[in-house]
Amino acid sequence: MSLNNTPSANRTHIGIFGRRNAGKSSIINAITGQNHAIVSDVLGTTTDPVPKAMELLPLGPVVMIDTPGLDDEGKLGTLRIQKAYQILNKTDIALLVIDASVGATKEDFAILNKIHEKKIPCVIVGNKIDLCPSQKSPVDTSVFSDPYIEVSSKEGQNIHELKELLAAQLPDDADSKKIVGDLLAPMDLVILVVPIDSAAPKGRLILPQQQTIRDVLDVGATALVVRETELKDTLTSIGRKPRLVITDSQAFKQVSKDTPLDVPLTSFSILFARYKGNLDSLVRGAHMLDSLKDGDHILISEGCTHHRQCEDIGTVKMPKWIRAHTGKNLTFSFTSGGEFPLDLSPYQLIVHCGGCVLNEKEMKYRIRCAEDAKVPMTNYGTAIAHMNGILERALKPLS
């Protein structure tokens, strides 16, 4: 995928951390060769995490996230520091920037400990080496277990070496995961069922559908895209048995009815749960729908923000389907985008979207939060398949 069509969720997320005026924004500008971030001598110029999607060779497509200073002050400063720490939940590689003329501080070591706790690959950058006499900094490198490099963002010193060091932190299998490609062979036929209704975006397909089509094409298979209303006739007319049918979760019931039992069937949402490494946990959560009681509180959470339609799946359809399935009087709460409650104790179940706009790190973080709070969690596609009695069938192609 090129820079222009690589979704943010598929990019390596690099979190830039450090004290105010350590030169975090200057480092971003230096390694990209562009003025992406605002630079100022005023303390606290960056007041909120700022993500920037870009091409960073030799890593390729990345999202760099500039964060507020770790030594910010006051009530607002405390909130900004919390936001900086929260960025760790979506960080694939951490870059800790310290002022080489000053050395590491307690704030630097505090977040470094958290980085190690979360097992995030980290590079420590001693910036502003040009301000040190004879370019010899007072930094005691013996206290660091992570790679350390001294640079000058102002003069461009060692910036190339920094980029190479960042690239070395990626695991060797970083690009090996597939949405569906590992289940296919060249020349296989895959039918993708895409409903076009009032909730469908005008003139385009939604992100999971785009990504899955690309994954099918990358392995040399054939992708045939139809609406659920044309699926039955298509299966009759194509003259060959598809290797797999993949459907939007909302059409699961009708698609299952129209797809012969000897044709493997699953959904975009279930594929994305597997892609992000959390399918088993979400399947267990789907079965917990059968254990809900009157008065239970369910959180429905989405990773993206979008304009709500009158038949919105998260706020309208899912509550309706869950109430019909359980026959219980249930309470629902809703979150979207970067909002995910720190306290999950009020909920008996979490139903999440497919998480196509969230990277694997953040999706796993949310599931881990639910597990720590002992609150079962599932996602739309897995829950819908379970409520329609077809979850076993939808999981079979993945086994």
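Use the structure listed above.
Residues numbered from 1 in each chain as written. Predicted model: local features only at pLDDT ≥ 70, side-chain atom pairs only at ≥ 80, totals over all residues. Heavy atoms only, no water.

1. Notes on the pairing of strand 7 (residues 189–193)
Item 1. The buried count for strand 7 comes to 5 of 5 residues, which makes it a mostly enclosed element.
Item 2. Of the two faces of strand 7, the one carrying Leu 189, Ile 191 and Val 193 and the one carrying Val 190 and Leu 192 are both buried.
Item 3. Of the strand pairs in this sheet, strand 7 and strand 8 (residues 222–226) are connected by 5 bridges, and their pairing is parallel. Bridge pairing in strand 8 links Leu 189 to Thr 222.
Item 4. Where strand 7 lies against strand 9 (residues 244–247), 4 bridges are found, and the strand directions are parallel. Opposite Ile 191, over in strand 9, you have Val 245 as the bridge partner. (Buried < 20%, exposed > 50% of the residue type's maximum accessible area, 1.4 Å probe, protein only. Helix = DSSP H or I, 4+ residues; strand = E, 2+ residues; numbered from the N terminus. Pairing = 2+ DSSP bridges.)

2. So, the packing of aromatic side chains
Item 1. In this structure the tally under the stated criterion is 3 aromatic pairs.
Item 2. Each member of the aromatic cluster is reached from another via a ring pair, and the members are Phe 109, Phe 144 and Tyr 148. (Phe/Tyr/Trp six-rings, centres within 6.5 Å; stacked < 30°, edge-to-face > 60°.)

3. With respect to the sheet that holds strand 11 (residues 297–301)
Item 1. As summarised here, the arrangement of the 4 strands in space is 12-11-13-14, forming an open sheet in which the pairing is parallel. Whereas interior strands pair on both sides, the edge strands pair on one side only; in this sheet they are strand 12 (331–335) and strand 14 (377–379). On average, each strand axis in the sheet is inclined to that of its neighbour by 25°, with strand direction left out of account.
Item 2. Note that strand 13 (residues 349–352) and strand 14 share 3 bridges and pair parallel. Bridge assignment links Ile 350 to a residue of strand 14, and that residue is Met 377.
Item 3. Along the sheet, helix 9 (residues 279–287) makes contact with strand 13 and strand 14, crossing strand 14 at roughly 100°. (Axes fitted to C-alpha atoms, helices over the stretch in contact; angles between N-to-C directions. Contact = heavy atoms within 4.5 Å.)

4. Brief notes about helix 3 (residues 106–117)
Item 1. Here helix 3 is 12 residues long and its end C-alpha atoms lie 16 Å apart, about the 16 Å a rise of 1.5 Å per residue gives.
Item 2. When helix 3 is considered as a whole, its buried residues turn out to be Glu 107, Asp 108, Ile 111, Leu 112 and Ile 115. Within helix 3, the buried residues cover an arc of 130° as seen down the axis, which keeps them to one side. Of the residues in helix 3, the exposed ones pointing more than 90 degrees away from the buried face are Lys 106, Asn 113 and Glu 117.
Item 3. Where the residues of helix 3 are buried, they touch strand 1 (12–18), helix 2 (74–86), strand 4 (93–99) and strand 5 (122–127). (Expected span 1.5 Å × (residues − 1). Arc of directions from axis to C-beta.)

5. Quick notes on the packing of helix 10 (residues 313–326) against helix 12 (residues 380–387)
Item 1. Running from N to C, helix 10 and helix 12 cross one another at 30°; their axes reach a closest spacing of 11 Å. For the element pair helix 10 / helix 12, the angle class is roughly parallel. Helix-helix and strand crossings are classified by hand; for helix 10 and helix 12 the assignment is left-handed. Between helix 10 and helix 12, the contacting residues are Ile 313, Gly 314, Met 318, Trp 321, Ile 322 and His 325 on the first element and Tyr 380, Ala 383, Ile 384, His 386 and Met 387 on the second.
Item 2. Here the residues of the contact of helix 10 with helix 12 are counted per class, giving 8 nonpolar, 3 polar and no charged. (Parallel < 35°, antiparallel > 145°, perpendicular 65-115°, else oblique. Left-handed = near helix turned anticlockwise from the far one by under 90°. Nonpolar A, V, L, I, M, F, W, Y, C, P; charged D, E, K, R; others polar.)

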